[in-house]
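The primary structure of each chain is shown beneath.
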Amino acid sequence: MRDKTVTSSEELHKRRGAAVSRGVSSMLASYVEHASGGTLTDVDGREWIDFGSGIAVTSIGNSAPRVVEAVKAQVERFTHTCFMVAPYESYVAVCEQLNSLTPGDHDKRSALFNSGAEAVENAVKIARHTTGRQAVVAFDHAYHGRTNLTMALTAKSMPYKHRFGPFAGEIYRVPMSYPLRDGGLTGAAAAARSLDLIEKQIGAENVAAVLIEPIQGEGGFVVPAPGFLPALSAWASANGALLIADEIQTGFCRTGDWFASEHESVVPDLVTTAKGIAGGLPLAGVTGRTDIMDAIHPGGLGGTYGGNPIACAAALASIETMRELDLCSAARRLETVMRPRLNELATRHAFIGDVRGRGAMIAIELVEPETDGPGGPTPNASATQAVAKACHASGLLVLTCGTYGNVLRFLPPLVMPDDTLNRGLDILTEALASTTS
Ligand SMILES: *Cc1c(COP(=O)(O)O)cnc(C)c1O
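Residues numbered from 1 in each chain as written. Predicted model: local features only at pLDDT ≥ 70, side-chain atom pairs only at ≥ 80, totals over all residues. Heavy atoms only, no water.

## What about the overall build of the protein chain?
A count of helices and strands for the protein chain gives 13 helices and 15 strands. When its C-alpha atoms are laid out on the principal axes, the protein chain stretches across 60 × 60 × 45 Å. Relative to its 437 residues, the protein chain shows a buried fraction of 55%. Surface accessibility of the protein chain: about 18200 Å² in total, with carbon and sulfur atoms responsible for 53%. For the protein chain, the distance from the average position of its 37 positive side-chain charges to the average position of its 46 negative side-chain charges is 5 Å. (Helix = DSSP H or I, 4+ residues; strand = E, 2+ residues; numbered from the N terminus. Buried < 20%, exposed > 50% of the residue type's maximum accessible area, 1.4 Å probe, protein only. Areas by Shrake-Rupley, 256 points an atom, 1.4 Å probe, with all protein chains shown as cover. Lys, Arg positive; Asp, Glu negative; His and termini not counted. Charge placed at Lys NZ, Arg CZ, Asp CG, Glu CD.)

## A short note on the site of the ligand
Taken together, Ser115, Gly116, Ala117, Tyr143, His144, Glu213, Asp246, Ile248, Gln249 and Lys275 form the complete shell of residues around the ligand. Between the ligand and the protein, one listed contact pairs a nitrogen atom with a side-chain N or O atom of Asp246 at 2.7 Å. For the ligand, whose unbound accessible area comes to 380 Å², protein coverage reaches 82%. Here the residues of the shell around the ligand sort into three nonpolar, four polar and three charged. (Near = heavy atom within 4 Å. Polar contact = N/O pair within 3.5 Å; in protein donor to acceptor, adjacent residues only side chain to side chain. Nonpolar A, V, L, I, M, F, W, Y, C, P; charged D, E, K, R; others polar.)

## What to know about the nonpolar core
Membership of the largest hydrophobic core comes to 86 residues, with the highest contact counts inside it found for Leu270, Leu342 and Leu428. With nine residues, the top contributor of residues to this core is helix H11 (residues 327-348). The two domains that each donate at least three residues to this core are domain 1 (9-51 + 327-436) and domain 2 (66-325). Contact partners of Leu270, with chain neighbours within four places excluded, come to Ala123, Ile126, Ala127, Leu242, Leu243, Ile244, Ala245, Val286, Thr287, Gly288, Ile292 and Met293. If you look at the next biggest cluster of nonpolar residues, it comprises 25 residues, including Val174, Ile202, Phe228 and Trp235. (Core = buried A, V, L, I, M, F, W, Y, C linked by side-chain atoms within 4.5 Å. Domains from an automatic or database assignment. Contact = heavy atoms within 4.5 Å.)

## What about the domain arrangement of the protein chain?
Considered domain by domain, the protein chain is made up of domain 1 (9-51 + 327-436) and domain 2 (66-325). Contact residues are listed per partner, giving 36 residues for domain 1 and 29 residues for domain 2. Interface area, domain 1 with domain 2, both sides summed: about 2600 Å², of which 56% is carbon and sulfur. The largest per-residue losses of area from domain 1 upon contact with domain 2 belong to Leu327, Arg358 and Met361, which jointly make up 31% of the total buried on that side. Where domain 1 meets domain 2, there are three salt bridges. Between Glu218 and Arg409 there is a salt bridge, with the nearest N and O atoms lying 2.8 Å from each other. For the pair domain 1 and domain 2, the number of links is 19 residue pairs in polar contact (both at pLDDT 80 or more). (Buried area = accessible area lost by both parts, 1.4 Å probe. Salt bridge = Lys/Arg side-chain N within 4 Å of Asp/Glu carboxyl O.)

## Remarks on the packing of H11 against helix H13 (residues 418-433)
Between H11 and H13, whose axes approach to 11 Å, the crossing angle comes to 15°. Between H11 and H13, the angle is such that the two are roughly parallel. For the crossing formed where H11 meets H13, the hand is right-handed. In this structure, H11 contributes Arg333, Leu334, Val337, Met338, Arg341, Leu342, Leu345 and Arg348 to the contact, and H13 contributes Asp418, Leu421, Asn422, Leu425, Asp426, Leu428, Thr429 and Leu432. A breakdown of the residues in the contact of H11 with H13 according to their chemical character gives nine nonpolar, two polar and five charged. (Axes fitted to C-alpha atoms, helices over the stretch in contact; angles between N-to-C directions. Parallel < 35°, antiparallel > 145°, perpendicular 65-115°, else oblique. Left-handed = near helix turned anticlockwise from the far one by under 90°.)

## Considering the pairing of strand E15 (residues 407-410)
Burial of E15 is two-sided: the residues Val407 and Arg409 facing one way and the residues Leu408 and Phe410 facing the other way are all buried. Pairing between strand E12 (residues 361-366) and E15: four bridges, direction antiparallel. Opposite Glu365, over in E15, you have Val407 as the bridge partner. Two elements, strand E14 (residues 399-401) and E15, share three bridges in a ladder whose sense is antiparallel. Pairing of Cys401 across the sheet is with Val407, part of E15. Connecting E14 to the next strand, E15, in antiparallel fashion are five residues, including Gly402 with a positive phi near 105°. (Pairing = 2+ DSSP bridges.)

## Re the pattern of salt bridges
Applying the stated rule across the entire model yields 17 salt bridges. Note that Arg109 and Asp107 form a salt bridge whose closest N and O atoms lie 3.3 Å from each other. Among the ionic pairs, Arg356 bridges to Glu365, the shortest N-O distance being 2.8 Å. With respect to class, Arg356 is no different from Glu365; both count as buried. Among the charged side chains, a salt-bridge network with shared partners connects Arg181, Asp354, Arg356 and Glu365.

## Notes on the sheet that holds strand E13 (residues 396-397)
Taken in spatial order, the four strands of this open sheet run E1-E2-E3-E13, and their pairing is mixed. Edge strands, defined here as strands with exactly one partner in the open sheet, are strand E1 (32-35) and E13. Looking at chain direction, E1 and strand E2 (residues 39-42) are connected through three bridges and run antiparallel. Bridge assignment links Val32 to a residue of E2, and that residue is Asp42. Against the sheet, H13 makes contact with strand E3 (47-50) and E13, and its axis sits at roughly 100° relative to E3, the strand it touches most.

## Concerning the environment of Asn206
Here Asn206 lies in the loop between helix H7 (187-202) and strand E7 (207-212). In contact with Asn206, other than residues within four places in its own chain, are Arg133, Gln134 and Ala135. A distance of 2.8 Å separates a polar side-chain atom of Asn206 from the backbone oxygen of Ile202.

This is the structure:
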């Protein structure tokens, strides 16, 4: 057992300063000792209600029982063979699950990787290879990762791209549907605006893929107006381009469906998954139409660790847990608790400019009151920071996001009990009350 008298967050923070690159930062200065289905406890015994789930990863809770059991059993059988060298069943089984769970009942194939960014990189490789085209369309406020290609796909400079260039070529950015900030364009009108730019500035016949998060994550939980995604999807299929849905943050029940694309019955050509897939173990996937996925030459996709057997065992256990506990319904139910309380807070605080999201992926956008203009109300990053800090000080872990740093996002584990969720919302209520815009 850990001797509490020899380790404190303060000491660990000092050691960290002398060992860990400053380029890797943490929101909390407290160091985790253990975590469960909705709370984190630090080495000093302080507890936080977890509205972050390690950035939408531990949807089934931390150290979920089935995952612990599956990982223990696998780690005793074998830890790694490399699927490209000596294959094993669990990799195949995860691909079977991905093929059946992702949108559309067409024939599909999958490949597994280690991180979200790696999945996005591979989806782009596959799209370029199959279409014989190079241009990739990404959107304002998009986040797709921190590797060189995915930095190019990510919109925001600071902190993700600042001085890390040059970036990969043949990436083109077009406007997103962002109802609060585009004058409330309909989905069809916002899509027409983006598609017109694509046709005029890139040329339809050059586009390999249109890459989009069905609900944007790091960019601010931006929910496109209804009709936007279906219009992009229709344009892609009419023009020989692939629609890649980056469901890395939205996938695996988070938004109340297995995948957020389902909400508008969009069937992407390729889907990238990671985060919620394996209860906290690193795993990612690309799933798509068989004709696309099988067009790649043998050996063209892979990696040493991709689809590691321990991560695959955890993924199978996580998916089983999501099914057994019906966590898609749980996400919808969490929304029915969160949304009315957040809407009520918005009526009380003029600096809450928007309440949005779906399922257990909900956010509030903080603004300067009475500043509505053509680009929407002025973002209020300082109030956002103040509220987040007040929450952290009172035992609620909330994350911020957004291009303007003015969005507080709520991603509780889907297994969070109602009383814990409500206690978290109580803390948020007090933090908002103690913040003057
Ligand atoms: C987190 C995220 C990524 C990158 O995943 P990593 O595992 O951090 O590389 C890509 N796309 C979206 C939508 C994400 O939320």
